[in-house]
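Coordinate inspection notes
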Amino acid sequence: MKAVVIEQYGDKHQLKEKELDQPVPDENQVVVELHATSINPIDWKLREGYLKEMLDFDFPIILGWDAAGVIKEVGTAVEKFKVGDRVFARPETTRFGTYAEYTTVDEHLLAYLPENVSFEEAAAVPLAGLTAWQCLVDFAEIQEGDRVLVHAGSGGVGHYAIQIAKQKGAYVATTASGKNKEWVENLGVDRFINYKEEDFTEVLSDYDIVLDTLGGEIQEKSFKVLKEGGRLPSIVQPPEESLTEKYGVKADFIWLEPSGGKLSKLATMMQEGDLVSVVGHRFDLTEEGLKEAHALSESHHAKGKIIIKIK
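Below or above, wherever it landed, is the structure these notes cover. Positions within a chain are numbered from 1, following the residues in the order the chain's sequence is written. Owing to the predicted nature of the model, reporting of local features is limited to residues with pLDDT of at least 70; listing and counting of side-chain atom pairs is limited to 80 or more, with chain, interface and lining totals taken over all residues. Water and hydrogen atoms play no part in the side-chain values, which are based on all heavy atoms of the structure.

1. So, the packing of helix 3 (residues 126–139) against helix 4 (residues 156–167)
The axes used here are C-alpha line fits, helices contributing only the stretch in contact, and every angle between their N-to-C directions lies in the interval 0 to 180 degrees. In this description a helix means any DSSP run of H or I spanning at least four residues, a strand means any run of E spanning at least two, and both kinds are numbered starting from the N terminus. One way to put it is that helix 3 packs onto helix 4 with a least axis distance of 8 Å and a crossing angle of 50°. What the angle tells us is that helix 3 and helix 4 run oblique. Our pair here, helix 3 against helix 4, has a crossing hand that is right-handed. Across the interface between the two elements, Ala128, Gly129, Thr131, Ala132, Trp133, Leu136 and Val137 from helix 3 touch Gly156, Val157, Tyr160, Ala161, Ile164 and Ala165 from helix 4. Of the residues in the contact of helix 3 with helix 4, the class split is 10 nonpolar, three polar and no charged. Note that the term roughly parallel is reserved for angles under 35 degrees, roughly antiparallel for angles over 145, roughly perpendicular for angles of 65 to 115, and oblique for everything else. For any helix crossing, the convention is left-handed if the near helix is rotated counterclockwise from the far helix by under a right angle, and right-handed if that rotation is clockwise. In this analysis, two residues are considered to be in contact whenever any of their non-hydrogen atoms come within 4.5 Å of each other. We call Asp, Glu, Lys and Arg charged. Ala, Val, Leu, Ile, Met, Phe, Trp, Tyr, Cys and Pro are nonpolar, and the rest, Gly among them, are polar.

2. Quick word on the sheet that holds strand 10 (residues 171–176)
We call two strands paired when DSSP finds no fewer than two bridges between them. The sheet built from six strands is open, its strands ordered 11-10-9-12-13-14 with parallel pairing. Edge positions in the sheet fall to strand 11 (191–194) and strand 14 (250–253), since each of these pairs with one other strand and no more. Ignoring strand direction, the axes of neighbouring strands in this sheet form an average angle of 15°. When strand 12 (residues 207–211) meets strand 13 (residues 226–234), the two strands line up parallel, connected through two bridges. When the bridges of strand 13 are listed, Tyr207 appears paired with Leu226. Helix-sheet contacts for helix 3 involve strand 9 (147–150), strand 12, strand 13 and strand 14, and the interaxial angle to strand 13 is about 150°. Across the sheet, helix 4 lies against strand 9, strand 10 and strand 12, angled at about 165° from strand 10, the strand it touches most.

3. Topic: the nonpolar core
Grouped together as the largest cluster of nonpolar side chains are 92 residues, with contacts concentrated most on Phe88, Tyr99, Leu110, Ile164 and Leu266. Looking at this core, the element that brings in the most residues is helix 3, giving nine residues. Setting aside chain neighbours within four positions, we find Leu110 in contact with Val30, Val32, Ile71, Phe81, Val87, Phe88, Ala89, Val105 and Gly260. Counting residues in each nonpolar core, the second largest holds 14 residues, with Ile193, Val210, Leu226 and Leu243 among its members. For our purposes a nonpolar core is just a set of buried Ala, Val, Leu, Ile, Met, Phe, Trp, Tyr and Cys residues, chained together by side-chain atoms within 4.5 Å. Only protein chains enter the accessibility calculation, which uses a 1.4 Å probe; a residue whose area is less than 20% of its type maximum is buried, one above 50% is exposed, and one in between is partly exposed.

4. Description of the sheet that holds strand 2 (residues 16–19)
Pairing is antiparallel across the open sheet formed by three strands, whose spatial order is 2-1-4. With partners counted over all chains shown, the strands left at the sheet margins are strand 2 and strand 4 (61–62), one partner each. Bridge count between strand 1 (residues 2–6) and strand 4: two bridges; the pairing is antiparallel. Its bridge partner being in strand 4, Ile6 is matched across the sheet by Ile61.

5. Section: the environment of Pro60
Mapped onto the elements of the fold, Pro60 is located in the loop between helix 1 (41–48) and strand 4. Looking at Pro60, the relative accessible area reads 33%, which means it is partly exposed. Once you skip the residues sitting within four places of it in the chain, Pro60 turns out to touch Val5, Ile6, Glu7 and Arg95.

6. Quick look at a negative patch on the surface
A patch is a set of surface residues, each over 30% in relative accessible area and not in a salt bridge, joined within 9 Å for like charges and within 5 Å for the nonpolar side chains Val, Leu, Ile, Met, Phe, Trp and Tyr. Residue-level accessible areas treat just the shown protein chains as cover; the underlying method is Shrake-Rupley with a 1.4 Å probe. Salt bridge, as used here, is a side-chain nitrogen of Lys or Arg placed within 4 Å of a carboxyl oxygen of Asp or Glu. Residues counted as positive are Lys and Arg, residues counted as negative are Asp and Glu, and His and the chain ends are not counted. To locate a charge, take NZ of a lysine, CZ of an arginine, CG of an aspartate or CD of a glutamate. Together, Glu217, Glu220, Glu240, Glu241 and Glu245 line one region of the surface with negative charge. Every element with two or more residues in the negative patch is listed here: helix 7 (216–222) and helix 8 (241–247). Looking at the secondary structure, you find Glu245 in helix 8. With relative accessibility at 62%, the residue Glu245 sits in the exposed group.

7. Describing the layout of surface pockets
The method works on a 1 Å grid over the protein atoms by themselves. A cavity is a set of points holding a 1.4 Å probe that cannot get out, a pocket is an open set with protein on both sides within 12 Å along at least five of seven lines, and residues with an atom within 4 Å of a point line them. Grid points are joined across faces, edges and corners, and a volume is the space filled by probe spheres set on the points. Empty space within the largest pocket amounts to approximately 1300 Å³. Lining the largest pocket are 48 residues, with Pro41, Thr213, Leu214, Ile235 and His300 sitting closest to its centre. For the lining of the largest pocket, the secondary-structure elements that each account for two or more residues are helix 1, helix 3, helix 4, strand 10, helix 7, helix 10 (287–298) and strand 16 (305–309). When grouped by side-chain class, the residues that make up the lining of the largest pocket number 25 nonpolar, 16 polar and seven charged. Within this model, the second largest pocket holds a volume of roughly 150 Å³.

This is the structure:
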């Protein structure tokens with residue numbers, strides 16, 4: 001099969017196109033013939049070597065942890081899925097990722113893909129959509145009527161978080177640049193803040209939840225807009241405990257735990273039109289395509305999701 005791998009840590013030029021053996025499933029796995037995958041910041045952070053202490057993989061490494069495609073083979077103990085099923089998943093974080101024509105996925109991480117959802121739309125969802133769900137539903141226990149601030153609403157996690165929060169009946173504010181105002185508001189945003197023109201701490205207060213997708217100074221300032229007892233999930237860095245105590249809020253760093261069950265809930269939202277993937281950029285599964293996709297993701301100026309077309 002064709003795959004794009006790295007054989008050492010470094011910049012985007014480490015991405016190399018290779019012919020590798022097709023994977024063989026363990027008893028509880030399936031082999032998915034991939035139609036599409038997507039780019040997430042973990043991809044280039046791992047490529048650069050920033051995560052090597054946490055994820056100590058042997059080379060070569062196939063990056064990518066979003067899968068959408070058709071089941072080609074099933075392990076002997078697989079019960080709920082069969083060859084030919086349309087599925088999507090956030091596979092386990094191993095060195096056998098999804099920048100490839102085939103990948104293996106554990107059965108408990110799979111979700112059926114609704115017929116009215118394309119492979120490209122589906123490939124955008126697993127990592128970013130599950131991250132948004134885990135932050136808002138699992139950690140922040142979002143309730144109808146909550147006031148929610150989503151930082152960088154035009155990003156991968158941000159644009160799903162807006163939609164999940166609206167579906168749960170929340171009032172949603174978001175920060176983004178002016179050029180993204182229209183399409184972000186079309187997702188249901190109640191208060192749009194152009195971060196280049198407005199300081200969110202001056203116009204917002206008494207919020208129940210802030211989803212921090214940026215870290216640093218933005219994270220520190222976010223404590224100021226939370227009410228006492230508010231919640232601050234961060235996908236970037238652990239919040240300062242001193243600030244958590246000072247403001248009387250619950251805050252934590254959220255590291256995604258993949259789940260086929262939760263992905264099935266997102267699939268239902270997609271099927272019913274309550275969750276759409278904004279795919280801003282598409283590239284092919286080639287060495288050059290992946291280099292361009294990584295450069296765009298590293299710029300932090302991608303619109304919505306970056307998709308890699310495989311089939």
